[in-house]
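Geometric and topological summary
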There are 2 protein chains.
Amino acid sequence: MSYERPHLRNVEGYVPGRQPIQTNVIKLNTNENPYPPSPKVMEALVQVQAEQLRKYPPPLATPVREELAQLHNISVENTMIVNGGDELLRLAITTFVDPGVTIGLFEPSYSLYPVLAEVNNSPVVRIPLSDTWQVPAHAAQALNKAQAKLTFIVNPHAPSGTLLPITEIESLASQLNGVLLIDEAYIDFVDPQLSHNVVPLITKLPNVLILRTLSKGYGLAGLRLGYALGSEQLILPMLSKTRDSYNVDVVAQTLAKQALMDQAYAASTWENVRKERNKLYNNFKQLGLSCPESQSNFLLVTFPQGSAMARRVLSGLEQRGILVRYFDTQGLQDKLRITVGTAEQNQRLLNGIEEILRESLSIMRKDSVRA
Amino acid sequence: MSYERPHLRNVEGYVPGRQPIQTNVIKLNTNENPYPPSPKVMEALVQVQAEQLRKYPPPLATPVREELAQLHNISVENTMIVNGGDELLRLAITTFVDPGVTIGLFEPSYSLYPVLAEVNNSPVVRIPLSDTWQVPAHAAQALNKAQAKLTFIVNPHAPSGTLLPITEIESLASQLNGVLLIDEAYIDFVDPQLSHNVVPLITKLPNVLILRTLSKGYGLAGLRLGYALGSEQLILPMLSKTRDSYNVDVVAQTLAKQALMDQAYAASTWENVRKERNKLYNNFKQLGLSCPESQSNFLLVTFPQGSAMARRVLSGLEQRGILVRYFDTQGLQDKLRITVGTAEQNQRLLNGIEEILRESLSIMRKDSVRA
């Protein structure tokens with residue numbers, strides 16, 4: 001006899017990117033910041049007291065939320081802390097979407113979204129993005145027609161790295177009947193000259209829920225710290241009803257506050273990532289490889305000759321101790337998503353790709369001679 | 001317009017015990033261990049590297065699970081790590097109980113259970129415990145009749161502290177058609193002479209799911225680390241489908257492993273708690289106050305003259321900087337749940353209670369003279 005809920009039996013679950021324990025691997029597969037967290041985070045870590053560990057943490061995480069309110073120029077009531085951004089994705093479903101009710105998403109995007117919808121037994125309406133990763137004009141209409149109570153959009157987009165401008169986000173949100181969750185996991189890497197800031201939308205539009213995380217921008221993927229920004233009518237039910245009472249531990253709360261306070265350090269890592277991203281973009285071009293202009297900390301590189309070459313580069317890099325991400329889904333099978341690393345890591349990546357491409361060409365030439 | 005799911009609008013949410021930020025308060029209200037975590041935990045904390053924080057944590061928390069498997073003499077596949085025991089309570093519902101399907105519980109018990117059921121839109125069947133906190137003989141029959149797919153039982157019982165013997169747990173589990181989640185949050189404080197260990201049940205009965213936590217026994221409430229033990233058919237769907245992919249951060253994983261490895265230290269704190277518990281029990285008796293024999297780290301003390309005196313002691317203690325827990329629910333209104341503290345804290349508690357009782361008696365005498 002199975003105790004699992006019937007609809008879960010066919011759910012396959014989310015498969016995260018590989019997290020090898022070996023430290024000599026160059027991890028360009030899960031979009032971590034290549035730079036460590038602020039030294040102030042490490043100073044705060046060693047100052048955590050046994051007495052803090054012994055007692056329950058502040059249940060509402062007010063000290064961190066006060067820091068967020070100041071950083072984003074909003075009220076504490078518009079903020080909530082979560083155990084990694086994934087918790088917010090799940091909580092938004094639990095709070096706003098009855099089982100059986102539709103969830104909207106754009107394709108391709110973060111492959112966890114449809115898994116969470118499946119767990120909730122919710123049908124999914126999938127809006128395909130254009131060839132240039134743009135949201136189609138009819139999106140809001142289609143989502144409303146499907147009665148989507150919640151729609152996920154990731155911006156900058158993953159896995160392409162492209163940025164949807166504020167005007168388009170606002171237009172989409174204002175047309176939607178349901179909640180629009182804007183997953184801004186990669187927002188910190190956007191060029192500041194673009195002045196891209198959708199936070200003011202939360203006071204204009206009660207259905208806008210913003211997800212942020214310290215995993216990428218603040219070099220703290222290991223700490224599991226994300227946060228939500230939104231109207232009080234979206235935040236309050238998650239904060240007081242559906243969230244686990246003590247969802248973020250005292251160490252994460254303490255370190256997150258320090259990381260958020262040291263904006264200068266974080267911004268310097270973002271600037272470095274942007275410089276390296278632009279170099280990498282040009283280097284790929286020189287190798288004859290195309291990728292969209294990215295406002296994120298990764299590039300989606302298209303390889304010639306369909307999926308065969310992308311897969312060859314994937315395994316060739318792995319043999320060289322370099323992990324990148326391959327998605328075996330339609331429209332992505334000839335591509336690799338490559339996280340921007342440090343200058344040294346990127347150089348080793350480029351050397352590896354160049355070698356693999358050269359070898360492949362020479363094999364193919366031999367094959368055609370034989371043929 | 002409200003975006004919240006309709007059934008959530010009437011949910012009030014769980015209200016956790018007070019967690020004051022002031023450090024001069026004697027907290028005997030939320031059952032923390034009065035002793036700090038193992039010194040080895042603190043040593044491991046300061047050795048956490050920036051590089052560990054930068055990268056995602058081991059998604060399956062295998063190193064901690066291996067430690068658990070060894071500790072309990074079971075397989076890694078029978079274990080799962082959670083972000084505090086509350087996460088397991090929620091996950092069990094998400095995994096085994098369709099919305100609208102019944103959840104069973106005993107009354108009184110942990111007040112979070114019915115809140116989680118409400119969030120899942122599940123009706124609750126409540127089995128009242130006897131006056132001596134015993135499970136009634138017809139419990140399994142009633143739970144099966146109500147088609148409960150999941151039943152929560154806390155053992156040692158909260159808030160009474162009494163222990164249900166293995167034979168009764170086994171009998172209940174073997175009769176139930178649904179899953180029995182045995183919440184063993186307080187199990188570490190049970191007298192070892194009782195040889196109480198239900199873990200072997202998980203290999204005999206596929207519907208037994210055990211919850212453990214490091215919050216109480218290991219002095220780590222601030223860290224949010226719980227775990228599940230159960231048959232693979234219960235663990236696997238939670239591990240691979242319904243759990244957030246990276247539900248426990250790298251610091252918590254690292255520190256939990258150290259805490260579990262230092263059994264000698266943890267056991268010494270449990271022994272101290274038992275000694276203090278027994279002293280406190282006798283002291284209450286000497287004050288004319290009754291409480292059930294507790295196998296936990298708290299005592300449920302009954303005050304004379306109904307709820308008035310219990311409330312008076314609650315607020316009198318608070319004025320003295322001592323927090324204890326009052327439950328304004330039927331059957332508990334004349335009682336206070338008091339966590340066993342250190343010898344010094346318990347003495348201050350007793351002094352406080354004695355003073356308050358004396359003052360109350362003298363006020364009552366004056367009142368009766370006036371009347």
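Residues numbered from 1 in each chain as written. Chains lettered and ligands numbered in written order. Predicted model: local features only at pLDDT ≥ 70, side-chain atom pairs only at ≥ 80, totals over all residues. Heavy atoms only, no water.

**Section: the overall build of chain A**
Counting its secondary structure elements, chain A contains 13 helices and eleven strands. Scaling as 2.2 N^0.38, a compact globule of 371 residues should have a C-alpha radius of gyration of about 21 Å, and chain A matches this with 21 Å. The buried share among the 371 residues of chain A stands at 60%. For chain A, the accessible surface area stands at approximately 14,700 Å², while carbon and sulfur atoms represent 50% of it. In chain A, 35 positive and 35 negative side-chain charges are present, and the distance between their average locations comes to 3 Å. (Helix = DSSP H or I, 4+ residues; strand = E, 2+ residues; numbered from the N terminus. Rg over C-alpha atoms; globule rule 2.2 N^0.38 Å. Buried < 20%, exposed > 50% of the residue type's maximum accessible area, 1.4 Å probe, protein only. Areas by Shrake-Rupley, 256 points an atom, 1.4 Å probe, with all protein chains shown as cover. Lys, Arg positive; Asp, Glu negative; His and termini not counted. Charge placed at Lys NZ, Arg CZ, Asp CG, Glu CD.)

**Regarding the packing of aromatic side chains**
On inspection of all chains with the given rule, the structure shows twelve aromatic pairs over all chains. When the centroid spacing of 4.7 Å and the interplanar angle of 35 degrees are considered together, the rings of Tyr56 of chain A and Tyr246 of chain A count as tilted. In this pair, Tyr56 of chain A sits in the loop between helix 2 (50–54) and helix 3 (62–72) while Tyr246 of chain A sits in the loop between helix 9 (232–242) and helix 10 (250–261), placing the two residues 190 residues apart along the sequence. Residue Tyr246 of chain A is classed as buried on the basis of its relative accessible area of 6%. When the centroid spacing of 5.6 Å and the interplanar angle of 85 degrees are considered together, the rings of Tyr218 of chain B and Trp270 of chain B count as edge-to-face. You can see Tyr218 of chain B sitting in the loop between strand 7 (208–213) and strand 8 (226–230) and its partner Trp270 of chain B sitting in helix 11 (residues 263–286), a full 52 residues away along the chain. Taken individually, Tyr218 of chain B and Trp270 of chain B each receive the classification buried, so the pair is uniform in this respect. Pairwise contacts between aromatic rings join Tyr14, Tyr110, Tyr113 and Phe152 of chain A into one cluster. The residue whose ring lies beneath Arg337 of chain A is Phe298 of chain A, and the NZ or CZ to ring-centre distance is 5.6 Å. (Phe/Tyr/Trp six-rings, centres within 6.5 Å; stacked < 30°, edge-to-face > 60°. Lys NZ or Arg CZ within 6 Å of the ring centre and 35° of its normal.)

**Some details on the relation of the copies chain A and chain B**
Superposing chain A onto chain B takes a rotation of 180 degrees combined with a translation of 0.0 Å along the rotation axis, leaving an RMSD of 0.0 Å. Within this description, the copies of the chain are treated as partners about a two-fold rotation axis. Across chain A, the rotation axis passes nearest the C-alpha of Val46 of chain A, at a separation of 2.4 Å. Same-surface contact between copies: 100% of interface residues of chain A are shared with the interface of chain B. (Least-squares fit on C-alpha atoms with pLDDT ≥ 70 in both. Contact = heavy atoms within 4.5 Å.)

**Comments concerning the interface of chain A and chain B**
The partner chain B presents 81 residues to the 81 residues of chain A that form the contact. Between chain A and chain B the total buried area reaches about 6,400 Å² when both faces are included, carbon and sulfur atoms providing 56% of it. The largest contributions to the chain A side of the interface with chain B come from Tyr3, Arg54 and Tyr56 of chain A, which together make up 14% of the buried area. Where chain A touches chain B, the interface holds six salt bridges. Lys241 of chain B serves as the salt-bridge partner of Glu4 of chain A, at 2.6 Å between the closest nitrogen and oxygen. The tally of links between chain A and chain B comes to 34 residue pairs in polar contact (both at pLDDT 80 or more). The set of elements that each furnish at least two residues to the side of chain A that touches chain B consists of helix 1 (39–46), helix 2, helix 4 (85–96), helix 5 (112–119), helix 9 and helix 10 of chain A. It is helix 4 of chain A that contributes the most residues to the side of chain A that touches chain B, seven residues altogether. In terms of residue class, the side of chain A that touches chain B is made up of 39 nonpolar, 25 polar and 17 charged. (Buried area = accessible area lost by both parts, 1.4 Å probe. Salt bridge = Lys/Arg side-chain N within 4 Å of Asp/Glu carboxyl O. Polar contact = N/O pair within 3.5 Å; in protein donor to acceptor, adjacent residues only side chain to side chain. Nonpolar A, V, L, I, M, F, W, Y, C, P; charged D, E, K, R; others polar.)

**Re unusual backbone geometry**
Residue and element names in this part refer to chain A. The omega angle of the peptide bond from Glu107 to Pro108 is -5 degrees, so this bond is cis rather than trans. Structurally, Pro108 can be placed in the loop between strand 3 (103–107) and helix 5. Across the junction of Asn155 and Pro156, the peptide omega takes the value 0 degrees, indicating a cis bond. Tracing the backbone through its elements, the reader meets Pro156 in the loop between strand 5 (150–154) and helix 7 (166–175). Although it is not a glycine, Trp133 adopts a positive phi angle of roughly 65 degrees. Positioned with a positive phi, Gln305 is a non-glycine residue whose angle comes to about 65 degrees. By relative accessible area, Gln305 is classed as partly exposed at 47%.

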